[in-house]
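A closer look at the structure
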Number of protein chains: 2
Amino acid sequence: MTDQCISRRDLIFNLFELHRLDEILELPRFAEHDPDTCEALLDAAIQLAEEEYLPHAAELDADEPEFDGKEVRIIPQVKKAVDAFLEGGFLRAQFDEDVGGLQLPTLFAQAMSSLFPAANVSTSNYTFLTTAAANLLKAHASDDQQQRYMAPMLDGRFFGTMCLSEPHAGSSLADIKTRAKPLDDGRYRITGNKMWISGGDHELSENIVHMVLAKIDGAPAGVKGISLFIVPKKRVDADGTVGERNGVELVGLNHKMGHRGTTNCALAFGDNGECIGELVGEPHKGLQYMFHMMNEARIGVGMAAVGLGYAGYLYSLDYARQRPQGRPLTNKDPSSAPVPIIEHPDVRRMLLAQKSYVEGGLALGLYCARLVDEQNAGESEATRREATKLLDLLTPIVKSWPSEFCLEANKLAIQCLGGYGYTREYPVERLYRDNRLNHIHEGTYGIQGLDLLGRKVIGDGGRTLAMLAERIHDTTRAVPDNLREYADAVDAALQRAVDVSKTLGRIAEDGRPNVALSNATVFLDMLGHTVVAWLWLKQAVIATETLASDTGEAAFYQGKLNACRYFFGYELPKTGPMAELLEKADPVLTEIDTETF
Amino acid sequence: MTDQCISRRDLIFNLFELHRLDEILELPRFAEHDPDTCEALLDAAIQLAEEEYLPHAAELDADEPEFDGKEVRIIPQVKKAVDAFLEGGFLRAQFDEDVGGLQLPTLFAQAMSSLFPAANVSTSNYTFLTTAAANLLKAHASDDQQQRYMAPMLDGRFFGTMCLSEPHAGSSLADIKTRAKPLDDGRYRITGNKMWISGGDHELSENIVHMVLAKIDGAPAGVKGISLFIVPKKRVDADGTVGERNGVELVGLNHKMGHRGTTNCALAFGDNGECIGELVGEPHKGLQYMFHMMNEARIGVGMAAVGLGYAGYLYSLDYARQRPQGRPLTNKDPSSAPVPIIEHPDVRRMLLAQKSYVEGGLALGLYCARLVDEQNAGESEATRREATKLLDLLTPIVKSWPSEFCLEANKLAIQCLGGYGYTREYPVERLYRDNRLNHIHEGTYGIQGLDLLGRKVIGDGGRTLAMLAERIHDTTRAVPDNLREYADAVDAALQRAVDVSKTLGRIAEDGRPNVALSNATVFLDMLGHTVVAWLWLKQAVIATETLASDTGEAAFYQGKLNACRYFFGYELPKTGPMAELLEKADPVLTEIDTETF
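Just so it is clear, the structure is predicted and the values come from calculations on it, not from any experiment.

Another aspect to go through is the overall build of chain A. A tally of regular secondary structure across chain A gives 20 helices and 12 strands. Against the globule reference of 25 Å for 597 residues, chain A gives a C-alpha radius of gyration of 24 Å, in line with a compact fold. Projected onto its principal axes, the C-alpha coordinates of chain A cover approximately 80 × 60 × 60 Å. When each of the 597 residues of chain A is scored for burial, the buried share is 64%. When contacts within chain A are restricted to residue pairs at least 6 apart in sequence, those whose partners lie at least 24 apart make up 74%. Accessible surface, chain A as shown: approximately 20,500 Å² in total, 48% of it carbon and sulfur. Mean positive and mean negative side-chain charge positions of chain A (60 and 85 charges, respectively) differ by 4 Å.

Spelled out as structure tokens, the structure:
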């Protein structure tokens, strides 16, 4: 059978050949698992994604949730699918065994969970957000809170949300206005408005637990005065009994270009009835807690972008193999049979571009997922610390690179289908609409660029970038001869990124941080392309070695070499002009007058 | 008042400063018109676009046409808007006075007509297609046919369509199956199916005239056996009376990602009742006639892409001036007021990119429109011939470059609005969806690349490219000192394009046309960027000269210089890796095995 979400073979390649899940499984934390059980679980995930998520994706997109003023109506297939997901234990994949989790490696859990946005991102969002909320509680909530709120999430009874943005404050959380007033019993009265809350209301679960950023009366200004609260839709008693409605209300649903099946809500807290919240951890540390969870959530966003791109690639590939149209340029006989469009060079260009983006993105996402495992379960302190640093550095890249280039893949998938691809009768236009969100939520493209260049590279004195360079050099030093040219190209691109970051660091030190960071997004693209080129090289090394010993899967490995050749021929050279642009540090963006637009 | 579709000032700049409409108006054909009447007509077009087209664009997108099995229902504002368009004489703008036209220059007519897709592309399509059909009849139909079919179009009673594609044959018209069987009276019985017919059915006009490609029984195979037929929805008697229904039926509507307000139809000819058609011109010359009309239609597609991009740019610019969010990097005080997001360098980058794309695209589209005037009304045979050649060369670029880069502009407009931009409450997501079509219809991106590199450059022995180079050198030779660096960069990029085309020409001659043309789309992008860079340079020359004499509009001209600086700093250098890629002529796209995807 043809894969419909993500290539199973490529997932297996990533897990066991590229990212060595077998090594991770040998860590004490994962002693309960072995490669065989993982492979069986992966197959269960593929089956669930293809049988319960994919079939209603188009209907859900066309028949989006509606709010009648009382309740939110969602087509019933959504609940059926998420219930099956919960029953299958997929939400508990990464959690500790002592809270009922399966304690699987993040590397493996991310590989599985990427299948669901590929199949149907709208339906998958509900459990994605619940996982994120449970993660946050696991890390920072009290035992009592974990018992009353997190445990029911892992049981699938409660769903979770992230309530950060407000109508006037998205990227700038420093300016949130939601307030928390202490009550006598240690709890807080919450008042304010939140915006863009995915899964903010629905009837899919017994309760919804909102993770809310708010400022306690008298808190310091800015981000240092933000606290994190648990605000349930229905109150939860000391013994865990679900009681009356809390004062959090759905004001209205936002109607998006994509992700149409996920309720996206404007919520009012304390407008109508008292809204009670519980503080998580210490006051004023809410943003810090949130960021702790962000690394994983941002891998999740990047992997969703990969999944959407991958599904489009597979669809357009299948179409290109089937659809007869036109003849080779060398055949002028109009009475000859048309050939499948995959024979046309420009269609192959579009397919290879997609392949290089989505398989490159998958390798990137799972590389970062593996770092999470090294961070959480690595045997030495040094391993764990290095993984944390590398993950911090790569987080803006793993979030943004797929959001840019797997969206481009979706654009190309439409083009492969021509007029058909532009209609809602085929899935590729929906995938394109769905993927456009990923540059916006969980920190915009621009924010990720500033985070990478400003905080993670310049602010870090380039130390973690040097650490990454060491890992890249480990690969480039040891390539077989057929890949020497590519290895040299990666080394050169990396050196340019390092040089550029030093130039920009000096400009920032000279009191011109605005100029230094004005092209941070370009730096993000440049370093992203360099990292993905490295991951393509790693794949090519494995493909070369495997082909030499002939496994009978020559087409798969040759495909890896082709896509690598494409990436180094068509993509990596784009970093050249980016480096020149950054090196020049032309202050055009900072010095022009806003009147001149 | 703020412009909502395309900047009026920029249109005036293009018409009177950059493309010298005054010179065109001095040609005998346009003796009836002068700059003042043109400016008044332009204002009428702006008013019509903003008052009748723009207000219902969102509603039409949300409430798309429906077919109940008998009739097509379209929201009433569409008919009101197109009726106002017809009453205003806009459809007749370019037609000869002797058939009731206004005989305006194409340069001016294109500037006006670009406003309507910018305001509401779905509604504007109906008259756009009617203009194209009337143009085709004007050029190739008999006097009697012009009287009976074209005249009612110009009167606004009949609308037109283009029926080329069939369900199995889009890009490959050689394979169409629609048949025409001669009847005794010189007419033909038409049978077959057509697909993707925009405006293929509706109740907006008294009749619909389909321009249908079909093969007469016994015709040669391939494109040399295609003839062109007039197939009306309702039969038209010899005296022009509209009679009974002809056997052309709406099978169903296609549902698209964008352009949702334009009926897009699957039509059946002769399935149910006899379908009678009239041959246009000579048998087997249908495709040739169609191509004659294509140059202008493709300028129209490019200008629609420009319009959609421009409307998004203006909207996001206005938003960026209004929306407060965050603080400059140099201000760490969270209690200070947030600044409008236009102050942030990355937002400025996105605005400048949009500006450089949409204003560059406008200059390109109107440059080609001027060539149409030189071709049709130029005083010497040499002028007319040169214009025809240049127009042939630039047609794939004017169609494709805006389809790529003004779509990118729409993507950036969404990003400027953040979460809001992703919702259907704001127009930018609709503009993005609408613009995605332009790479597909009227010849795909890939087809345009092959047309440019294969037919217009290599097939032409580079002669027309050399002619274009002369025009470019006329500019680069004479720039003021402040622009010398840019002029050199254009010259260098142009030389690389010429060199690359020679290399590829030799490869084609050596019997490897597939390899030579396999990256034709990349060549299209490269030459497109070079041509647009030249047009930016021309604009910068005018801006420099004007600023020197201080007109009091310094912000406008400085804005031109800023966007030019952006284009040369951020965009033109991208042609470097493209040239290297093309020069290498790596046969990856032709030699890989389809099994390896």
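After that view, the rundown keeps rolling.
Overlaying chain A on chain B yields an RMSD of 0.0 Å, the required transformation being a rotation through 180 degrees with an accompanying axial translation of 0.0 Å. The two molecules are tied by a two-fold rotation axis, judged by turn and shift. Judged by C-alpha distance, Lys574(A) is the residue of chain A that lies nearest the rotation axis, at 3.4 Å. Comparing interface residues between copies, 100% of those in chain A also sit at the interface in chain B, which points to an isologous, same-surface contact.

Further remarks concern the nonpolar core. In terms of nonpolar packing, the biggest core is built from 426 residues, with Met162(A), Met211(A), Phe523(A), Met162(B), Met211(B) and Phe523(B) touching the most fellow members. Once residues within four sequence positions are removed from consideration, Met211(A) is found in contact with Ala133(A), Leu136(A), Leu137(A), Thr161(A), Met162(A), Cys163(A), Leu228(A), Phe229(A), Ile230(A), Val280(A) and Met290(A).

Residues spaced three or four apart along an α-helix face the same direction, because each turn holds 3.6 residues. When you tally the buried positions in helix 12 (residues 428-435) of chain A, you get eight out of eight residues, the bulk of the element. Taken together, the buried positions of helix 12 of chain A are occupied by Val428(A), Glu429(A), Arg430(A), Leu431(A), Tyr432(A), Arg433(A), Asp434(A) and Asn435(A). Looking at the buried positions of helix 12 of chain A, the neighbouring elements they touch are helix 4 (57-62), helix 7 (115-140), helix 9 (286-322) and helix 11 (381-417) of chain A together with helix 11 (381-417) and helix 12 (428-435) of chain B.

Inspection of the secondary structure assignment puts Lys355(B) in helix 10 (residues 345-377). Since its relative accessible area comes to 5%, Lys355(B) is described here as buried.

Each regular strand displays side chains that alternate between the two surfaces of the sheet. Residues and elements named next belong to chain A. Taking burial as the measure, the 10 residues of strand 6 (residues 207-216) include 10 buried ones, the bulk of the element. Going residue by residue along strand 6, you find Asn207, Val209, Met211, Leu213 and Lys215 tucked away on one face and Ile208, His210, Val212, Ala214 and Ile216 tucked away on the opposite face as well. Here strand 3 (residues 158-163) pairs with strand 6 via six bridges, running parallel. The residue of strand 6 that forms the bridge with Thr161 is His210. Pairing between strand 6 and strand 7 (residues 227-232): six bridges, direction antiparallel. Paired with Val209 across the two strands is Pro232, which belongs to strand 7.

Here we take up the interface of chain A and chain B. Chain A puts 95 residues into the contact, and the matching count from chain B is 95 residues. Contact between chain A and chain B buries roughly 8,400 Å² in total, counting both sides, with carbon and sulfur atoms accounting for 57%. Of all residues in chain A, the largest losses of buried area upon contact with chain B belong to Tyr422(A), Arg424(A) and Phe597(A), amounting jointly to 11% of the total for that side. The interface formed by chain A and chain B includes 10 salt bridges. Where chain A touches chain B, the interface holds 55 residue pairs in polar contact (both at pLDDT 80 or more). Grouping the constituent residues of the side of chain A that touches chain B by class yields 39 nonpolar, 30 polar and 26 charged.

Residue and element names in this part refer to chain A. At a closest axis distance of 9 Å, the pairing of helix 11 and helix 14 (residues 463-477) adopts a crossing angle of 100 degrees. When the axis of helix 11 is compared with that of helix 14, the two are roughly perpendicular. Contacts between helix 11 and helix 14 involve Glu386, Lys389, Leu390, Leu393 and Leu394 from the former and Thr464, Leu465, Met467, Leu468 and Arg471 from the latter. Tallied by class, residues from the contact of helix 11 with helix 14 come to six nonpolar, one polar and three charged.

Residues and elements named next belong to chain A. Scanning all chains against the criterion turns up 102 salt bridges over all chains. In this structure, Glu274 engages Arg189 in a salt bridge whose closest nitrogen and oxygen atoms are separated by 2.6 Å. Taken together, the residues span a long stretch of sequence, with Glu274 in the loop between strand 11 (264-269) and strand 12 (276-279) and Arg189 in strand 5 (residues 188-198) at a distance of 85 residues. On the accessibility criterion, Glu274 (36% relative accessible area) is partly exposed.

Residues and elements named next belong to chain B. Position of Gly101 relative to the elements: it lies in the loop between helix 5 (76-87) and helix 6 (106-113). Exposure remark for Gly101: the relative accessible area of 10% places this residue in the buried category. The spacing of Gly101 and Arg157 is 56 residues in sequence and 15 Å in space, taken between C-alpha atoms. Among all residues touching Gly101, those that are not within four sequence positions of it are Arg92, Phe95 and Asp96.

The subject of this paragraph is the confidence of the model for chain A. Per-residue confidence for chain A gives a mean pLDDT of 96, with 100% of residues at or over 70. Among the scores for the predicted complex, ipTM is 0.97 and pTM is 0.98.

Take the environment of Leu107(A) next. Residues and elements named next belong to chain A. Looking at the secondary structure, you find Leu107 in helix 6 (residues 106-113). Relative accessible area serves as the criterion here: at 0%, Leu107 is assigned to the buried category. Excluding residues that lie within four positions of it along the chain, Leu107 makes contacts with Leu15, His19, Leu21, Ile24, Leu366, Ala369, Arg370 and Asp373.

Thresholds, definitions, all that
- Residues numbered from 1 in each chain as written.
- Chains lettered and ligands numbered in written order.
- Predicted model: local features only at pLDDT ≥ 70, side-chain atom pairs only at ≥ 80, totals over all residues.
- Heavy atoms only, no water.
- Helix = DSSP H or I, 4+ residues; strand = E, 2+ residues; numbered from the N terminus.
- Rg over C-alpha atoms; globule rule 2.2 N^0.38 Å.
- Buried < 20%, exposed > 50% of the residue type's maximum accessible area, 1.4 Å probe, protein only.
- Contact = heavy atoms within 4.5 Å.
- Areas by Shrake-Rupley, 256 points an atom, 1.4 Å probe, with all protein chains shown as cover.
- Lys, Arg positive; Asp, Glu negative; His and termini not counted.
- Charge placed at Lys NZ, Arg CZ, Asp CG, Glu CD.
- Least-squares fit on C-alpha atoms with pLDDT ≥ 70 in both.
- Core = buried A, V, L, I, M, F, W, Y, C linked by side-chain atoms within 4.5 Å.
- Pairing = 2+ DSSP bridges.
- Buried area = accessible area lost by both parts, 1.4 Å probe.
- Salt bridge = Lys/Arg side-chain N within 4 Å of Asp/Glu carboxyl O.
- Polar contact = N/O pair within 3.5 Å; in protein donor to acceptor, adjacent residues only side chain to side chain.
- Nonpolar A, V, L, I, M, F, W, Y, C, P; charged D, E, K, R; others polar.
- Axes fitted to C-alpha atoms, helices over the stretch in contact; angles between N-to-C directions.
- Parallel < 35°, antiparallel > 145°, perpendicular 65-115°, else oblique.
- pLDDT = per-residue confidence, 0-100.

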